[in-house]
Amino acid sequence: MRTYISEAFDKKGKVELQGWVHDSRDLGKIRFLVLKDISGRIQITAHKEKVSEEIFKLVDKITNESVIKIVGSLKESKQAPGGKEVIPEKIEIIAKAEQPLPIDVSDRSKTELPKRLDYRFLDLHRQKIQAIFKIESTLMQAYREFMIKEGGIEAVFPSIISSSSEGGTELFKMKYFEKEAYLSQSCQLYKQMLACSMEKVFTIFCVWRAEKHNTVRHLNEARQLDYEEGFADEFKVMDVLARCVQYIVKEIKDKRKEELELLEVKLKIPKIKYMTFAEACDLMKKHKVHAGKDDLSTEAEKKLGELYPDTIVFVHDWPIIGKPFYIMPKEGKKGEKLSGGFDAIYNGVEISSGGQRVHIPELLEKRLREKGLKPKDFKSYIDSFRYGAPHHSGWGVGLERLMTQMLGIANIREVTLFPRDRDRLTP
Ligand code: ATP
Ligand code: MG
């Protein structure tokens, strides 16, 4: 029966291991292999005198990244990493890796990201790359746990829609039998409709945006952690978001220590800071940074990250002009045209937008017209608020954005298994 490598360190006697050959060394009379599986690495040691001739020869022939099965005995060893090694008795090659490998998968690999992404399946043989996706898995699990503790209901929503959810132009059009349809750019309208009966709803939703710009923060296919709550204003859901991210970070700190160490990341539970859009603008003026008018500029987001490191900065009371039609307008103390919308900035980049929504049909129609959109294109959405819909608020966090900002990784593709950007459609 197969033993995972991490468990072998607590065992004695004979074991059967299966995994990939990470590295090999030939010192003449003694040959080493480093075997890896999902749980760890162990040294396989073949002394010329202590193993059969057949095994000694075979050890020399196995190419790196080949998959093998080894039966051997465990031995204490001061020199071997982890204090144990395996003396092989039987070796079976399950799958040979062809040589040369198209990318360098050693621990010190310098292969550049685009090339690595071309061979992502092989890139995933690397511990460091696995660490990223193990952390991402813990992130999603922690998100679900948090939401369920919060009383949330997990939902799934359609990805094929008949019209734009926000009225932007950055949609992928598709043929839907005799009609035209689009790939969803957000589950906004659906989660709102659901929150008006189920109160607290959440989902992990895939979004498609036909944005042409190729940046290190944008993908054309991304995932969002979405939340919507009935009877809530924006401050209530900002607090949920703050606690949610803090919970996620804590879980990752606790459960992914090894992975964080491998990536050399010292995670801190984020602090929370609230400021109005006007306050953010004043702050930028003070630091001589262009703030942006209706939206925070990229430089302003970056500055907020410098001023408040390891902090989630909520910028609220956003000018209504900078927010989509479904965000609730509100008036400032001096009559400014503000909104219940907010953005959350984490280590210098927006990780989330959210806010209180418009739940009053007449106001929705007015807001749509103001944005140059046709209320008739949003009929079923508007109608959903005609028969008893409470006020409600919510947010969406980019899964990959949260990963990059939490781990300090520059390029969003690094934390995306199989990224879709303007130039990349495979693998
Ligand atoms: P940005 O201004 O940064 O392009 P946005 O305001 O267009 O983002 P929202 O519609 O507010 O994005 O989406 C909610 C969240 O989803 C964002 O805060 C971000 O974390 C993430 N997100 C949005 N667009 C993308 C994208 N193209 N690639 C990756 N993540 C994205
Ligand atoms: Mg946004």
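Above this note sits the structure.
Analysis parameters
- Residues numbered from 1 in each chain as written.
- Chains lettered and ligands numbered in written order.
- Predicted model: local features only at pLDDT ≥ 70, side-chain atom pairs only at ≥ 80, totals over all residues.
- Heavy atoms only, no water.
- Pairing = 2+ DSSP bridges.
- Helix = DSSP H or I, 4+ residues; strand = E, 2+ residues; numbered from the N terminus.
- Contact = heavy atoms within 4.5 Å.
- Axes fitted to C-alpha atoms, helices over the stretch in contact; angles between N-to-C directions.
- Core = buried A, V, L, I, M, F, W, Y, C linked by side-chain atoms within 4.5 Å.
- Buried < 20%, exposed > 50% of the residue type's maximum accessible area, 1.4 Å probe, protein only.
- Near = heavy atom within 4 Å.
- Polar contact = N/O pair within 3.5 Å; in protein donor to acceptor, adjacent residues only side chain to side chain.
- Areas by Shrake-Rupley, 256 points an atom, 1.4 Å probe, with all protein chains shown as cover.
- Left-handed = near helix turned anticlockwise from the far one by under 90°.
- Nonpolar A, V, L, I, M, F, W, Y, C, P; charged D, E, K, R; others polar.
- Phe/Tyr/Trp six-rings, centres within 6.5 Å; stacked < 30°, edge-to-face > 60°.
- Lys NZ or Arg CZ within 6 Å of the ring centre and 35° of its normal.
- Donors = N, O, S within 2.8 Å, 3.2 Å for Na, K, Ca; no water.
- Patch = residues over 30% accessible without salt bridge, like charges linked within 9 Å, V, L, I, M, F, W, Y side chains within 5 Å.
- Salt bridge = Lys/Arg side-chain N within 4 Å of Asp/Glu carboxyl O.
- Expected span 1.5 Å × (residues − 1).

1. Observations regarding the sheet that holds strand S11 (residues 221–230)
Here's step 1: Taken in spatial order, the eight strands of this open sheet run S6-S10-S11-S18-S17-S16-S13-S12, and their pairing is mixed. The open sheet has two edge strands with one neighbour each: strand S6 (153–154) and strand S12 (271–276).
Here's step 2: The pairing of S11 with strand S18 (residues 392–398) spans seven bridges and is antiparallel. If you follow Asp 226 over to S18, its bridge partner there is Gly 396.
Here's step 3: In this fold helix H5 (residues 127–149) packs onto S6, strand S10 (200–208), S11 and S18, with an angle of close to 150° to the strand it touches most, S10.
Here's step 4: Along the sheet face, helix H6 (residues 188–198) touches S6, S10, S11 and S18 and points at about 30° away from the line of S11.

2. Some details on the nonpolar core
Here's step 1: In terms of nonpolar packing, the biggest core is built from 52 residues, with Leu 139, Met 147, Ile 248, Trp 395, Leu 402, Met 406 and Leu 407 touching the most fellow members.
Here's step 2: Listed by contribution, the elements that provide at least two residues to this core are H5, S10, S11, helix H7 (234–255), strand S13 (311–316), strand S16 (341–346), S18 and helix H13 (399–407).
Here's step 3: Considering each element in turn, this core owes the most residues, eleven residues, to H7.
Here's step 4: Aside from chain neighbours lying at most four places away, what touches Ile 248 is Leu 139, Ala 142, Tyr 143, Leu 225 and Leu 402.
Here's step 5: Counting residues in each nonpolar core, the second largest holds 21 residues, with Val 15, Ile 62, Ile 70 and Ile 87 among its members.

3. Quick notes on the site of ligand 1
Here's step 1: Glu 211, His 218, Leu 219, Glu 350 and Ile 351 are the nearest of the 15 residues found near ligand 1.
Here's step 2: Note that an oxygen atom of ligand 1 is positioned 3.0 Å from one of the side-chain N or O atoms of Gln 224.
Here's step 3: In the model, an oxygen atom of ligand 1 is placed 2.5 Å from a nitrogen or oxygen of the Glu 350 side chain.
Here's step 4: If ligand 1 stood free it would expose 580 Å²; the protein chains cover 84% of that surface.
Here's step 5: Of all the elements in the fold, those that place two or more residues in the shell around ligand 1 are S11, strand S17 (349–356) and S18.
Here's step 6: With four residues, S17 is the largest single contributor of residues to the shell around ligand 1.

4. Some details on the packing of H5 against H13
Here's step 1: Put simply, H5 and H13 touch, their axes get as near as 11 Å, and they point 120° apart. In terms of crossing hand, the pair formed by H5 and H13 is right-handed. Packed against H5, whose contacting residues are Ile 132, Ile 135, Glu 136, Leu 139 and Met 140, the element H13 presents Leu 399, Leu 402, Met 403, Met 406 and Leu 407 at the interface.
Here's step 2: For the contact of H5 with H13, the class distribution of residues is nine nonpolar, no polar and one charged.

5. Section: unusual backbone geometry
Here's step 1: Here the residue pair Gln 99 and Pro 100 is connected by a cis peptide bond, since its omega of -5° sits within 30 degrees of zero.
Here's step 2: Residue Glu 199 is not a glycine yet carries a positive backbone phi of 65°.
Here's step 3: Tracing the backbone shows Glu 199 in the loop between H6 and S10.
Here's step 4: On the accessibility criterion, Glu 199 (40% relative accessible area) is partly exposed.

6. Here's the deal with the packing of aromatic side chains
Here's step 1: Per the stated rule, a full pass over the model turns up 13 aromatic pairs.
Here's step 2: Here the aromatic rings of Phe 325 and Tyr 326 are separated by 5.4 Å at their centres, their planes lie at 80°, and the arrangement is edge-to-face. Both residues of the pair, Phe 325 and Tyr 326, belong to the buried class.
Here's step 3: Taken together through their ring pairs, the aromatic side chains of Phe 325, Tyr 326, Phe 378, Tyr 381 and Phe 385 make up a single cluster.
Here's step 4: Lying across the ring of Phe 56, Arg 31 places its NZ or CZ 4.2 Å from the centre.
Here's step 5: Looking at Lys 323, its charged tip hangs above the ring of Trp 318, at a distance of 4.3 Å from the centre.

7. Some words on the coordination of the magnesium ion (ligand 2)
Here's step 1: Protein coordination at the magnesium ion (ligand 2) comes from Glu 350 (OE) and Ser 353 (OG), with a distance range of 2.1 to 2.4 Å.
Here's step 2: You can call Ser 353 partly exposed: its relative accessible area is 29%.

8. Things to note about a nonpolar patch on the surface
Here's step 1: The grouping of Ile 160, Tyr 176 and Phe 177 at the surface amounts to a nonpolar patch, some 330 Å² of accessible area in total.
Here's step 2: Within the secondary structure, Tyr 176 sits in strand S8 (residues 173–176).

9. Some details on H5
Here's step 1: Given a rise of 1.5 Å per residue, 23 residues ought to cover 33 Å, and the 32 Å separating the end C-alpha atoms of H5 matches this to within 8%.
Here's step 2: Buried residues of H5: Ile 129, Ala 131, Ile 132, Phe 133, Ile 135, Glu 136, Thr 138, Leu 139, Ala 142, Tyr 143, Phe 146 and Met 147, and no others.

10. What to know about the pattern of salt bridges
Opposite charge on two side chains allows them to pair when their charged atoms are near.
Here's step 1: Applying the stated criterion across every chain, the model contains 40 salt bridges.
Here's step 2: For Lys 376, the salt bridge identified is with Asp 377, shortest N-O distance 3.9 Å.
Here's step 3: Residue classification places Asp 377 among the partly exposed residues on the basis of a relative accessible area of 41%.
Here's step 4: If you follow the salt bridges from partner to partner, you end up with Arg 116, Arg 120, Asp 123, Arg 126 and Glu 414 in one network.

11. Notes on the side chain of Asp 123
Here's step 1: Relative to the helices and strands, Asp 123 is located in helix H4 (residues 120–123).
Here's step 2: The exposure class assigned to Asp 123 is buried, which follows from its relative accessible area of 0%.
Here's step 3: Filtering out sequence-adjacent residues up to four positions away, Asp 123 remains in contact with Ile 103, Val 105, Arg 116 and Ile 129.

12. Brief notes about the environment of Gly 305
Here's step 1: Inspection of the secondary structure assignment puts Gly 305 in helix H10 (residues 298–307).
Here's step 2: When the C-alpha positions of Gly 305 and Gly 348 are compared, they lie 3.7 Å apart, and in sequence the two are 43 residues distant.
Here's step 3: Beyond its immediate chain neighbours, meaning those up to four positions away, Gly 305 contacts Asn 347 and Gly 348.

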